[in-house]
Amino acid sequence: MRYFRFVPDQTNIQFMRGRHVAFFISLILIIGSVVAFVVKGLNYGIDFRGGILIEVKTPLGTSIAEMRDSLGTLGLGEVSLQEFGAPDDILIRIERQEGGEEAQLEAVTIVKEQLSENFGSNLDYRRTEFVGPKVGAELISAGIKAVVSALLAMMVYIWFRFEWQFSLGAVAALLHDVTLTIGMFAISGLEFNLATVAAILLIVGYSLNDTVVVYDRVRENLRKYKKLVLVDVLNRSINDTLSRTLMTSITTMLALLALYTLGGAVIADFSIALIWGVLVGTYSSIFIAAPLLIKLRLRSSPETAKDDVDKLGDLS
């Protein structure tokens, strides 16, 4: 029986020839991400900023522009409205009011009275949430700790399973993916909330899984081809795992695209973060994690170290 193969058997693509270009592109993207984060910052959601969130289902034909104009006259500060999965499902965000819980409740009452007066009393208020600034700061701190802890745990795991060069290479690739993901959110202005932090942790796990698959084949080939130049070992290892890497990425991407298309606005930003993470994670496992082993002077064996240095100098 014949069947379709997305990647031909025994590919021989020289990935390491493009490592310098890949490093340069990644460096530019990292610098751009850091600059965007410092200059523009992230569009923190109500989870981190604090404030009032009201989800309301309106009668069909209600204009979101009219609702925005109506609420903008209340003097409650920044008020933003957006469709939430359906044209008649509106998400209202109001900046946190000066004062305690009473001030927040009073603001909600004012909003509801204004909406009832202008758009009728048959509005369906689905949820009302309050987040204080202290809670938001604690959530930001907890999110940073979660990501850093995950990176450190991954580093220790790789160090024990492989060698220290593999550990540093894997963590560098993970930092690359996390930085580019945060930069994407800073540049695009997509809302950065708790779901996004969860997406970043998933990206770390996905990227590490890809990297470990490549590294495992590298370690196997280092033992199998002891006389082979390190560059050739890396090329062979990536080609050996290319089919698995691409098919995993493509099937994951199809699921995420369906999630983004059919999941609605509730998980749209979460889906976009994961889609971006799969792309950069696949890229980094091939063009960042593996080539870094050359920079970190990984050797196939002590007796061939001198030969590898000479041959790598010729190939660079």
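What counts as what
- Residues numbered from 1 in each chain as written.
- Predicted model: local features only at pLDDT ≥ 70, side-chain atom pairs only at ≥ 80, totals over all residues.
- Heavy atoms only, no water.
- Helix = DSSP H or I, 4+ residues; strand = E, 2+ residues; numbered from the N terminus.
- Buried < 20%, exposed > 50% of the residue type's maximum accessible area, 1.4 Å probe, protein only.
- Areas by Shrake-Rupley, 256 points an atom, 1.4 Å probe, with all protein chains shown as cover.
- Salt bridge = Lys/Arg side-chain N within 4 Å of Asp/Glu carboxyl O.
- Phe/Tyr/Trp six-rings, centres within 6.5 Å; stacked < 30°, edge-to-face > 60°.
- Axes fitted to C-alpha atoms, helices over the stretch in contact; angles between N-to-C directions.
- Parallel < 35°, antiparallel > 145°, perpendicular 65-115°, else oblique.
- Left-handed = near helix turned anticlockwise from the far one by under 90°.
- Contact = heavy atoms within 4.5 Å.
- Nonpolar A, V, L, I, M, F, W, Y, C, P; charged D, E, K, R; others polar.
- Core = buried A, V, L, I, M, F, W, Y, C linked by side-chain atoms within 4.5 Å.
- Patch = residues over 30% accessible without salt bridge, like charges linked within 9 Å, V, L, I, M, F, W, Y side chains within 5 Å.
- Arc of directions from axis to C-beta.
- pLDDT = per-residue confidence, 0-100.
- Polar contact = N/O pair within 3.5 Å; in protein donor to acceptor, adjacent residues only side chain to side chain.
- Pairing = 2+ DSSP bridges.

Caption draft 1: Looking closely at the overall build of the chain. For the chain, the count of helices and strands is 10 helices and 6 strands. Counting only residues that meet the buried cut, the chain has 43% of its 316 residues in that class. Approximately 16500 Å² of the chain is accessible, and the part contributed by carbon and sulfur atoms is 61%.

Caption draft 2: Just the pattern of salt bridges, in detail. Under the defined criterion, the tally for this structure stands at 8 salt bridges. Residue arginine 126 pairs with aspartate 89 through a salt bridge whose shortest N-O separation is 3.6 Å. Residue arginine 126 is located in strand 5 (residues 124-131), and its partner aspartate 89 is located in strand 4 (residues 89-94); the two are separated by 37 residues in the primary sequence. With its nearest N and O atoms 3.8 Å apart, the salt bridge here joins arginine 126 to aspartate 124. Relative accessible area serves as the criterion here: at 38%, aspartate 124 is assigned to the partly exposed category.

Caption draft 3: Structural detail: the packing of aromatic side chains. Summed over all chains, the structure comprises 5 aromatic pairs. Relative to phenylalanine 287, the ring of phenylalanine 15 has its centre 5.9 Å away and its plane inclined at 65°; by these criteria the two rings are edge-to-face. Separated by 272 residues along the polypeptide, phenylalanine 15 in the segment before helix 1 (19-39) and phenylalanine 287 in helix 9 (residues 268-295) bring together distant segments of the chain. We classify phenylalanine 15 as buried; its relative accessible area is 9%. Take phenylalanine 287: its relative accessible area is 23%, and that puts it in the partly exposed class. Pairing phenylalanine 185 with phenylalanine 192 gives two aromatic rings, centres 5.8 Å apart and planes at 90°, and the pair type is edge-to-face.

Caption draft 4: Broad picture of the packing of helix 6 (residues 164-188) against helix 7 (residues 194-224). Across the interface, helix 6 lies against helix 7 with an axial gap of 9 Å and an inter-helix angle of 150°. As far as their axial angle goes, helix 7 and helix 6 are roughly antiparallel. The interaxial crossing formed by helix 6 with helix 7 has right-handed handedness. For the pair formed by helix 6 and helix 7, the contact residues are Phe166, Gly169, Ala170, Leu174, Asp177, Val178, Thr181, Ile182 and Phe185 on the first element and Thr196, Ile200, Ile203, Val204, Ser207, Leu208, Thr211, Tyr215, Val218 and Leu222 on the second. A per-class count over the contact of helix 6 with helix 7 returns 13 nonpolar, 5 polar and 1 charged.

Caption draft 5: How the structure looks around the nonpolar core. In this structure, Met16 and Phe166 are the most contacted members of the largest nonpolar core, which totals 51 residues. At the level of secondary structure, the elements contributing two or more residues to this core comprise helix 5 (133-161), helix 6, helix 7, helix 8 (230-262) and helix 9. Counting residues in each nonpolar core, the second largest holds 17 residues, with Ile92, Val108, Leu115 and Phe119 among its members.

Caption draft 6: Representation of a nonpolar patch on the surface within the structure. On the surface, Leu27, Ile31, Val34, Val35, Phe37, Val38 and Val39 cluster together into a nonpolar patch covering about 650 Å² of accessible area. Looking at the secondary structure, you find isoleucine 31 in helix 1.

Caption draft 7: Main features of helix 3 (residues 64-71). Inspection of helix 3 places Met67, Ser70 and Leu71 among the buried residues, and these make up the whole buried set. Taken down its axis, helix 3 places every buried residue within 90° of arc, on the same side. Each element contacted by the buried residues of helix 3 is listed here: strand 2 (51-57), strand 3 (79-83), strand 4 and helix 4 (101-119).

Caption draft 8: Main features of the confidence of the model for the chain. Here the chain shows a mean pLDDT of 81. Residues at 70 or above account for 88%. Across residues 300-316, confidence stays below pLDDT 50; counting only partners more than four residues off in sequence or on other chains, it has 21 contacts.

Caption draft 9: Representation of the side chain of glutamate 55 in the model. Here glutamate 55 is to be found in strand 2. A polar side-chain atom of glutamate 55 sits 2.8 Å from a polar atom in the side chain of arginine 127. Apart from residues no more than four positions distant in its own chain, glutamate 55 is found in contact with Phe84, Asp89, Ile90, Leu91, Asp124, Tyr125, Arg126 and Arg127.

Caption draft 10: Spotlight on the environment of glutamine 97. Mapped onto the secondary structure, glutamine 97 falls in the loop between strand 4 and helix 4. Put simply, glutamine 97 and glycine 50 are 47 residues apart on the chain and 9.7 Å apart in space, counted from C-alpha to C-alpha. Residues in contact with glutamine 97, not counting those within four places in the same chain, are Ile52, Leu76, Ala103, Gln104 and Ala107.

Caption draft 11: Expanded view of the pairing of strand 2. The buried fraction of strand 2 amounts to 6 of the 7 residues, a majority that puts the element mostly inside the structure. Bridging between strand 2 and strand 5 involves 7 bridges; their strand directions are antiparallel. Bridge pairing links lysine 57 to aspartate 124 in strand 5. In this structure, strand 2 lies alongside strand 4, joined through 6 bridges in antiparallel fashion. Bridge pairing in strand 4 links isoleucine 54 to isoleucine 92.

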